[in-house]
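Structural characterization, general
Take a look at the letters that make up each chain.
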Amino acid sequence: MKTLFIINYWKWVLLAAIGLSTISCNKFLEEEPRNSTYKEVYWKDPKAGETAIAGNYALLRNALMDGFYGVGNRYYIYGDMTPDIYIGINRDSYSHPEIGKGNWTSNYFAQSYGNWTVFYKTIAMSNIILKEMPLVSNDILILEQADPEAFRKKIMGQAYFIRAFSYFMLTKIWGDVPLVTEAYDDPISAPHLGRTARIDVMKQIEEDCRHAINFLSWGYKTAAERAVTANRGSAYALMAHLYLWRATTTDLTSNNPILSDVHSADTTINTLLAQGGYALTDTAKYGDIFKGRSSEGIFELNVSENTLEGSSAHIGMKFLNNSFIPTYASVADFFTKPAYLSSHFYKIEEKEDWVWHQDIGQWVWETVQSRGLDTLDVRFKNNFVNYTTDVPVCIKYSNIVFRNPGQQLEPYNSNNLILFRLSDIKLLQAEIALYQNNPSRAITIINASRTRFGGDPSSLLKPGLATTEVMKEYMIERGKELYLEGHLFFDMIRTRTYSDHITWLTEARFKQGGFFWPVDPRLFSENRLLVQTEYWRGKI
């Protein structure tokens, strides 16, 4: 697939190692191929593994946060903007509101969010590391590493994890995708590749996760590695999500999950909880979770100004107004939809009132229930302000550092990109319980979460609810806990609750895979084996 591999093999190593992963693809295409001399020199440097894996992380961050042609925040676009319930838009020059309507056929969407090149850049770097690290001699590594073999495994384990995570994103977004696990010495002559069935892609993800688990260890050697360096726990978290995605999306015509995968997710999570060493963050320090490296962080990408890696394009800045960044407008570009707040952070209020009963033809004085806003929940209090207006402000990612603090100029967001954390994994246990027809266990898990965050007691679920009702409440709890963390659209697909929140995704469209994105048509020009996503054929 030449579109994926036309960039020179060694250019990847060099650029990733020196952190230039944001240079445009067009400039890459203009470069003349470099001969193999640089390869022989690069991997004789005992620090080559460290610089290569640092480049791999940089490419992954770029894929999730910056995207193709400067399009930012694609991780959140796929996971949070697709359902038209979470994010409202005041100002936008790229028609992003159309995403929440399921209309992804514009040239802009196809050429930006429909282009998967950024993910394959990351995968190409992983493939290079996995090919070359086994060939680096211990005589070279011993110059920097006390235990060369342990170092080799740590680098390769991270590369396996990054490749697995990249393919997991690809298959969730596009379904069937080209599967590339080989690093080509001559990328110009690399073979054309068609789209591989998503079930086979998921098998590869599972295999990569198992390699990562075998090569990596629990915990971290230094505080600097915490959460931002993949370890065994990161691989277990990814594998748990993989099993549930595979259990529920292998056959889109069926609403019955594959129970063997559900069981695998259950045992995987049990191992993670027992051996991972993670702990829920004290709710009094709730905001620390999103600054990064908290006790419950399992895997996240560094976006910290402590290391001058803050972001001026983080989606959190789209939600902030001039109360937080003086040079911004009084109304932010994005806002939290009031309907999301009222449907998720609710409490049950009771009062006595007259009620007309048609069946008996008279008024009756009785207790009447209505819904109010649960402002006691820690997540509500910490994440949202101006919630009585039409444009509530989300401050979940409002850790802003000014590089010119005297004049409050050059604002950079210093909130890590949280991909897996303990609260997410613990809530998945409720979903597993529902698939196992155990709603009472699911209720216990959901209520424990609501109690922990100090929600109004009336929001607690009563025993005896039907499985379908508990599933809806489970998704509400996921919505409260994981708002703007890139999970919620995919949660709706897994749980088949999409019809509660996504008007454009009909059952017929769902069964056709109409929630998968179209592929940028420009990618077809150099690969005759590549075809458009099935639902979008003839539409784009």
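Shown above is the structure to which this text applies.
Quick caveat: nothing in here was measured; it's all calculated off a predicted structure. (Residues numbered from 1 in each chain as written. Predicted model: local features only at pLDDT ≥ 70, side-chain atom pairs only at ≥ 80, totals over all residues. Heavy atoms only, no water.)

So, the pattern of salt bridges
- Per the stated rule, a full pass over the model turns up 31 salt bridges.
- Glutamate 349 is the salt-bridge partner of lysine 347, the closest N and O atoms lying 3.8 Å from each other.
- The partly exposed category is assigned to lysine 347, whose relative accessible area is 23%.
- By relative accessible area, which is 34% here, glutamate 349 ends up partly exposed.
- A salt bridge links glutamate 507 to lysine 511, with the nearest nitrogen and oxygen atoms 3.1 Å apart. One end of the pair, glutamate 507, and the other, lysine 511, are both in helix H22 (residues 507–511), four residues apart, so they sit about a helical turn from each other.
- Residue lysine 511 is classed as partly exposed on the basis of its relative accessible area of 38%.
- Three or more residues are tied together by salt bridges with common partners; here these are Glu296, Asp377, Arg379, Lys396, Arg421, Arg450, Arg452, Glu473, Glu477, Lys480, Glu481 and Glu485. (Salt bridge = Lys/Arg side-chain N within 4 Å of Asp/Glu carboxyl O. Buried < 20%, exposed > 50% of the residue type's maximum accessible area, 1.4 Å probe, protein only. Helix = DSSP H or I, 4+ residues; strand = E, 2+ residues; numbered from the N terminus.)

Some remarks on the pairing of strand E10 (residues 417–421)
- Taken across its five residues, E10 has five buried, putting it largely inside the fold.
- Looking at chain direction, strand E2 (residues 297–301) and E10 are connected through four bridges and run antiparallel. Opposite phenylalanine 299, over in E10, you have phenylalanine 420 as the bridge partner. (Pairing = 2+ DSSP bridges.)

Some details on the environment of methionine 133
- Here methionine 133 lies in the loop between helix H8 (117–132) and helix H9 (138–141).
- On the accessibility criterion, methionine 133 (0% relative accessible area) is buried.
- In sequence terms methionine 133 and serine 166 are 33 residues apart; their C-alpha atoms lie 20 Å from each other.
- Ignoring any residue separated from it by four or fewer positions in sequence, one finds methionine 133 in contact with Trp43, Gly49, Phe151, Arg152, Ile155 and Met156. (Contact = heavy atoms within 4.5 Å.)

Here we look at the side chain of serine 234
- Relative to the elements of secondary structure, serine 234 occurs in helix H12 (residues 232–249).
- Residue classification places serine 234 among the buried residues on the basis of a relative accessible area of 0%.
- In this structure the side chain of serine 234 is engaged in a polar contact, spanning 3.0 Å, whose partner is the backbone oxygen of isoleucine 298.
- Those residues in contact with serine 234 that lie beyond four places of it in its chain are Phe161, Thr229, Tyr278, Ile298, Phe299 and Phe420. (Polar contact = N/O pair within 3.5 Å; in protein donor to acceptor, adjacent residues only side chain to side chain.)

Re the nonpolar core
- The biggest cluster of nonpolar side chains holds 146 residues, and the ones touching the most others in it are Leu64, Phe119, Phe161 and Trp174.
- No other element matches helix H10 (residues 148–174), which puts 15 residues into this core.
- Non-local contacts of leucine 64, meaning those with residues more than four positions away in its chain, are made with Asn73, Arg74, Tyr75, Phe119, Phe165, Met169, Leu301, Leu417 and Leu419. (Core = buried A, V, L, I, M, F, W, Y, C linked by side-chain atoms within 4.5 Å.)

Thoughts on a nonpolar patch on the surface
- A surface patch of nonpolar side chains, about 540 Å² in accessible area, is lined by Trp354, Trp356, Trp363 and Trp365.
- Within the residue set of the nonpolar patch, elements represented by two or more residues are strand E4 (346–357) and strand E5 (362–373).
- When you line up the elements, tryptophan 356 lands in strand E4.
- Residue class for tryptophan 356 comes out partly exposed when judged on its relative accessible area of 40%. (Patch = residues over 30% accessible without salt bridge, like charges linked within 9 Å, V, L, I, M, F, W, Y side chains within 5 Å. Areas by Shrake-Rupley, 256 points an atom, 1.4 Å probe, with all protein chains shown as cover.)

Some remarks on the pairing of E4
- Of the pairings in the sheet, the one linking E4 to E5 comprises 12 bridges and is antiparallel in character. Residue pairing in the sheet places glutamate 350 in a bridge with glutamine 369 of E5.
- As consecutive antiparallel partners, E4 and E5 are separated by four residues, and within that stretch glycine 361 has a phi angle of approximately 70 degrees, a positive value.

A closer look at the packing of aromatic side chains
- Inspection of the entire model under this criterion finds 47 aromatic pairs.
- Centroid distance tryptophan 116 to tryptophan 174: 5.5 Å. Interplanar angle 80 degrees. Geometry classified as edge-to-face. Taken together, the residues span a long stretch of sequence, with tryptophan 116 in the loop between helix H7 (107–111) and H8 and tryptophan 174 in helix H10 at a distance of 58 residues.
- Residue class for tryptophan 116 comes out buried when judged on its relative accessible area of 0%.
- Aromatic pair tyrosine 160 and phenylalanine 215: ring centres 5.9 Å apart, planes at 55 degrees, arrangement tilted. Residue tyrosine 160 is found in helix H10, and its partner phenylalanine 215 is found in helix H11 (residues 198–215); the two are separated by 55 residues along the sequence.
- Sitting over the ring of phenylalanine 490, lysine 172 keeps its end group 4.2 Å from the ring centre. (Phe/Tyr/Trp six-rings, centres within 6.5 Å; stacked < 30°, edge-to-face > 60°. Lys NZ or Arg CZ within 6 Å of the ring centre and 35° of its normal.)

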